[in-house]
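Here is what each chain is made of, one letter per residue.
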Amino acid sequence: SQQGEEDPQALSIQEGENATMNCSYKTSINNLQWYRQNSGRGLVHLILIRSNEREKHSGRLRVTLDTSKKSSSLLITASRAADTASYFCATSIIKRYSSASKIIFGSGTRLSIRP
Amino acid sequence: GAGVSQSPSNKVTEKGKDVELRCDPISGHTALYWYRQSLGQGLEFLIYFQGNSAPDKSGLPSDRFSAERTGGSVSTLTIQRTQQEDSAVYLCASSVTGENTEAFFGQGTRLTVV
């Protein structure tokens, strides 16, 4: 089963408005990442927040992490038509005695920006 | 190479045939991941490699699916006796080893089983 679940599944807003997407997960994590996908092909990494961080910014992106609630949110401010895409959260779980992380993705939020 | 390369980009195969999907990760990336994505859905974890070994194969849907990685570089995902439900985009990603690293994705292979 998937580790992360995004909410909402789909979001349509007017250009210029802010878009907020939420992600919940089930187990302890090392970090949480957000990715963007255009046209159902390769994903592009947006931002990574570590388990000991609570908030992180990158340009128009703001990510929060609440490990007590096992949830994260991605805020895109001043949205643009070019932000139209699917957004996925991914949790990174590193196994004991392993140097590799298993990265599990959620089901995604389809964001549409109306011009 | 400059990025993760997957081949072929598209593959149409007849039900019952075997297929091989290839992933060429970024040079120096020791971790490699395979995911499957059906239309409009999220990414389903299949398997990941650390070097040539696979610490977690739990996501492989059935024994028709197998993957290997040789020389700590190229990986091949093989699907035997393909079924129509195998139709999906198969995505590969790689990353450097470590606790807080991002994954870099290829453009995927769109597999259609007819």
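It should be emphasised that the depicted structure is a prediction, and the values quoted were computed from it without experimental measurement. (Residues numbered from 1 in each chain as written. Chains lettered and ligands numbered in written order. Predicted model: local features only at pLDDT ≥ 70, side-chain atom pairs only at ≥ 80, totals over all residues. Heavy atoms only, no water.)

### A look at the overall build of chain B
Right, on to step 1. For chain B, the helix and strand inventory stands at zero helices and eleven strands.
Right, on to step 2. Helices and strands in chain B line up, N terminus first, as β-β-β-β-β-β-β-β-β-β-β.
Right, on to step 3. Computed over C-alpha atoms, the radius of gyration of chain B comes to 13 Å, within 12% of the 13 Å expected from 2.2 N^0.38 for 114 residues, which places it in the range of a compact globule.
Right, on to step 4. Once the C-alpha set of chain B is aligned to its principal axes, its extents read approximately 40 × 25 × 25 Å.
Right, on to step 5. Look at the contacts in chain B between residues 6 or more apart in sequence, and 53% of them connect residues 24 or more apart.
Right, on to step 6. Accessible surface, chain B as shown: approximately 5100 Å² in total, 44% of it carbon and sulfur.
Right, on to step 7. Taken together, the 10 basic and 12 acidic charged side chains of chain B have centroids lying 6 Å from each other. (Helix = DSSP H or I, 4+ residues; strand = E, 2+ residues; numbered from the N terminus. Rg over C-alpha atoms; globule rule 2.2 N^0.38 Å. Contact = heavy atoms within 4.5 Å. Areas by Shrake-Rupley, 256 points an atom, 1.4 Å probe, with all protein chains shown as cover. Lys, Arg positive; Asp, Glu negative; His and termini not counted. Charge placed at Lys NZ, Arg CZ, Asp CG, Glu CD.)

### Thoughts on the pairing of strand β8 (residues 71–76) of chain A
Residue and element names in this part refer to chain A.
Right, on to step 1. Counting buried positions along β8 yields five of six residues, so the element is predominantly enclosed.
Right, on to step 2. Examined bridge by bridge, strand β3 (residues 19–25) and β8 share six bridges and lie antiparallel to one another. Along β8, the bridge assignment pairs Ala-19 with Ile-76.
Right, on to step 3. One ladder, built from six bridges, connects strand β7 (residues 61–66) with β8; its direction is antiparallel. Looking at the pairing, Val-63 lines up with Leu-74 of β8.
Right, on to step 4. Hairpin geometry of β7 and β8 is characterised by an intervening segment of four residues between the two adjacent antiparallel strands and by a positive phi of about 50° at Lys-70. (Buried < 20%, exposed > 50% of the residue type's maximum accessible area, 1.4 Å probe, protein only. Pairing = 2+ DSSP bridges.)

### Remarks on the state of the cysteines
Disulfides are covalent bonds that connect the sulfur atoms of two cysteines.
Residue and element names in this part refer to chain B.
Right, on to step 1. For the coordinates displayed, the defined rule picks out two disulfides over all chains.
Right, on to step 2. Each sulfur in the disulfide pair Cys-23 and Cys-92 lies 1.8 Å from the other. Here Cys-23 and Cys-92 share a disulfide; its torsion about the S-S bond, -65°, makes the bridge left-handed. Of this pair, Cys-23 sits in strand β3 (residues 19–24) while Cys-92 sits in strand β9 (residues 88–95), and the two are 69 residues apart along the sequence. The pair formed by Cys-23 and Cys-92 is uniform in burial state, with each residue classed as buried. (Disulfide = S-S within 2.5 Å.)

### Digging into the pattern of salt bridges
Right, on to step 1. Applying the stated rule across the entire model yields eight salt bridges over all chains.
Right, on to step 2. One salt bridge connects Glu-44 of chain B with Arg-36 of chain B, and the closest N-O pair in it is separated by 3.0 Å. (Salt bridge = Lys/Arg side-chain N within 4 Å of Asp/Glu carboxyl O.)

### Some points on the pairing of β7 of chain A
All names here are of chain A.
Right, on to step 1. Pairing of strand β6 (residues 55–58) with β7, which is carried by four bridges, proceeds in the antiparallel orientation. Paired with Lys-56 across the bridge in β7 is Val-63.
Right, on to step 2. Hairpin connection, β6 to β7: the antiparallel pair is bridged by two residues, and Gly-59 has positive phi, about 60°.

### Some thoughts on the interface of chain A and chain B
Right, on to step 1. Each partner contributes residues to the interface: chain A has 28 residues there, and chain B has 31 residues.
Right, on to step 2. When chain A packs against chain B, close to 2300 Å² is buried across both sides, 47% of that on carbon and sulfur atoms.
Right, on to step 3. The largest share of the area that chain A buries against chain B comes from Arg-41, Lys-102 and Ile-103 of chain A, three residues that together contribute 25% of it.
Right, on to step 4. For the pair chain A and chain B, the number of links is one salt bridge.
Right, on to step 5. The partner of Lys-102 of chain A in a salt bridge is Asp-56 of chain B, and the shortest N-O contact between them spans 2.7 Å. (Buried area = accessible area lost by both parts, 1.4 Å probe.)

### A few points about the side chain of Gln-37 of chain A
Right, on to step 1. Its place among the elements puts Gln-37 of chain A in strand β4 (residues 31–37).
Right, on to step 2. You can call Gln-37 of chain A buried: its relative accessible area is 4%.
Right, on to step 3. Side-chain polar atoms of Gln-37 of chain A contact the side chain of Gln-37 of chain B, separated by 2.8 Å.
Right, on to step 4. What Gln-37 of chain A contacts, discounting residues up to four positions off in sequence, is Gly-42, Leu-43, Ala-85, Ser-86 and Phe-88 of chain A together with Gln-37 and Leu-91 of chain B. (Polar contact = N/O pair within 3.5 Å; in protein donor to acceptor, adjacent residues only side chain to side chain.)

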